[in-house]
Amino acid sequence: MRGPETGRPMLFAHGFGCDQTMWRAVAPGFAADHRVVTFDHVGSGDSELAAYDPQRYGSLRGYAGDVVEICRELDLGGVVYVGHSVAAMMGVLAAAQAPELFAALVMVGPSPRYVDEDGYTGGFSRADVAALLDSLDSNPLQWSAALAPVVAGPGNPLVATELAGSFCRTDPVVARQFARVTFLSDNRADLPGVRVPTLVLQCSQDAIAPEPVGRYVHEHVPGSVFTQLSATGHCPHLSAPEETTAAIRAFLRDTGF
């Protein structure tokens, strides 16, 4: 935790296969006037692996519960929650569990459902997701090497290398379950319940959460702001931290946070 104690708290949550270091080029930029907190989800990064409970983390609500616990343990209120990828939906669920703790949501590359359905574009067919999960089960190293460039997006080889390493460092048992929880989730029904100012950051050429998905989130979160980034891929906080920071700053300025 860094920044002035009187500053409005900003809580940065990482996505699947990552850890809090992924925010290193963005989060510190807010520490001059905000109380900045980063953390590792249980089972990721330097978290205590022994604390991982397959039953608790068998759905995103377990992770959302952790977010609420972190806020209460650190006595944070009026939090601006910044969540990348699947962590964006964790923020939606956390704000529903404890609305008194959250003032705003920033969703970076959000997706409420990754699987296509009639009338809904998620970006993946059921066969795509099944193949992805089967590959993770059979050969985690090969899976990491194949998925990382897709997540990083075109023109981001250094990001792809970092992601591949991060994926490989994740405990295989945790990775398998977290992947299923992520890619098989469906939180579309939770979006209309969001009651705080919300920013949807959409990347260009994002194979994980393509533009129709971001537009869907924007259309179903009341009063949300949609910002299209020039950054390509799914990790703008790594590939384009200055653009990402500027977009979040503009949102905070416009909402008075």
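Residues numbered from 1 in each chain as written. Predicted model: local features only at pLDDT ≥ 70, side-chain atom pairs only at ≥ 80, totals over all residues. Heavy atoms only, no water.

**Looking at the sheet that holds strand β1 (residues 8-13)**
Move 1: The strand order β2-β1-β3-β4-β5-β6 describes an open sheet built from six strands, whose pairing is parallel. Two strands in the sheet have a free side with no partner beyond their single neighbour: β2 (34-38) and β6 (225-232). Averaged over neighbouring strand pairs, the angle between their axes works out to 20 degrees when direction is ignored.
Move 2: Contacting β1, β2, β3 (79-84), β4 (102-108), β5 (198-204) and β6, helix α9 (residues 241-255) runs over the sheet at an angle of about 155 degrees to β5. (Pairing = 2+ DSSP bridges. Helix = DSSP H or I, 4+ residues; strand = E, 2+ residues; numbered from the N terminus. Axes fitted to C-alpha atoms, helices over the stretch in contact; angles between N-to-C directions. Contact = heavy atoms within 4.5 Å.)

**Topic: the environment of Ser-85**
Move 1: Relative to the elements of secondary structure, Ser-85 occurs in the loop between β3 and α2 (86-97).
Move 2: Taking relative accessible area as the criterion, Ser-85 reaches 7% and is therefore assigned buried.
Move 3: Separated by 2.7 Å, the side chains of Ser-85 and His-234 make a polar contact. (Buried < 20%, exposed > 50% of the residue type's maximum accessible area, 1.4 Å probe, protein only. Polar contact = N/O pair within 3.5 Å; in protein donor to acceptor, adjacent residues only side chain to side chain.)

**Here's the deal with the packing of aromatic side chains**
Move 1: Inspection of the entire model under this criterion finds 15 aromatic pairs.
Move 2: When the ring of Phe-12 is compared with that of Phe-30, the centres are 6.1 Å apart and the planes differ by 40 degrees; the resulting orientation is tilted. In this pair, Phe-12 sits in strand β1 while Phe-30 sits in the loop between β1 and β2, placing the two residues 18 residues apart along the sequence.
Move 3: Here Phe-30 falls in the buried class, since its relative accessible area comes to 0%.
Move 4: For the ring pair Tyr-57 and Tyr-63, a centre distance of 4.8 Å and an interplane angle of 50 degrees mean the geometry is tilted.
Move 5: Ring pairing ties together the aromatic residues Phe-16, Tyr-52, Tyr-57, Tyr-63, Tyr-114, Phe-124, Trp-143, Phe-167, Phe-178 and Phe-183, which thus form one cluster. (Phe/Tyr/Trp six-rings, centres within 6.5 Å; stacked < 30°, edge-to-face > 60°.)

**Considerations on the pairing of β1**
Move 1: A large share of β1 lies buried, amounting to five of its six residues.
Move 2: Here five bridges tie β1 to β2, and the two strands are oriented parallel to one another. Looking at β2, one finds that Pro-9 is bridged to Arg-35.
Move 3: Relative to β3, β1 is paired through four bridges, and the arrangement is parallel. The partner of Ala-13 across the bridge, within β3, is Gly-83.

**Quick word on empty space enclosed by the protein**
Move 1: A complete count under the given rule lists one cavity of 30 Å³ or more for this structure.
Move 2: Size it by volume and the largest cavity reaches roughly 130 Å³.
Move 3: Lining of the largest cavity is provided by 15 residues; of these, Phe-16, Ser-85, Val-151, Phe-167 and His-234 occupy positions nearest its centre.
Move 4: Looking at the lining of the largest cavity, the elements with two or more residues in it are α4 (140-152), α5 (157-169) and α6 (172-183). (1 Å grid on protein atoms, 1.4 Å probe; cavity = no way out; pocket = protein on both sides within 12 Å on 5 of 7 lines; lining within 4 Å. Points joined across faces, edges and corners; volume = space filled by probe spheres on them.)

**Quick word on helix α3 (residues 126-138)**
Move 1: Taking 1.5 Å of rise per residue, the 13 residues of α3 would be expected to cover 18 Å, and the 18 Å separating its terminal C-alpha atoms lies within 8% of that figure.
Move 2: Among the residues making up α3, those that are buried are Val-129, Leu-132, Leu-133 and Leu-136. Taken around the axis of α3, the buried residues stretch over an arc of 90 degrees, which confines them to a single face. What points out from α3, more than 90 degrees from its buried face, is the exposed set Ala-127 and Ser-138.
Move 3: Check the buried side of α3 and you find it contacts α4 and α6. (Expected span 1.5 Å × (residues − 1). Arc of directions from axis to C-beta.)

**Regarding the pattern of salt bridges**
Move 1: Within this structure, the stated rule accounts for 14 salt bridges.
Move 2: The salt bridge partner of Glu-69 is Arg-56, with a shortest N-O separation of 3.4 Å. Taken as a pair, Glu-69 in helix α1 (residues 60-73) and Arg-56 in the loop between β2 and α1 lie far apart in primary sequence, 13 residues in all.
Move 3: Note on Arg-56: relative accessible area 32%, which makes it partly exposed.
Move 4: As a salt-bridge pair, Glu-117 and Arg-188 come within 2.9 Å of each other at their nearest N and O atoms. Within this pair, whereas Glu-117 is found in the loop between β4 and α3, its partner Arg-188 is found in the loop between α6 and β5, the two being separated by 71 residues in sequence.
Move 5: Judged by its relative accessible area of 15%, Arg-188 is buried.
Move 6: Three or more residues joined by partner-sharing salt bridges are found here, namely Arg-113, Glu-117, Asp-186 and Arg-188. (Salt bridge = Lys/Arg side-chain N within 4 Å of Asp/Glu carboxyl O.)

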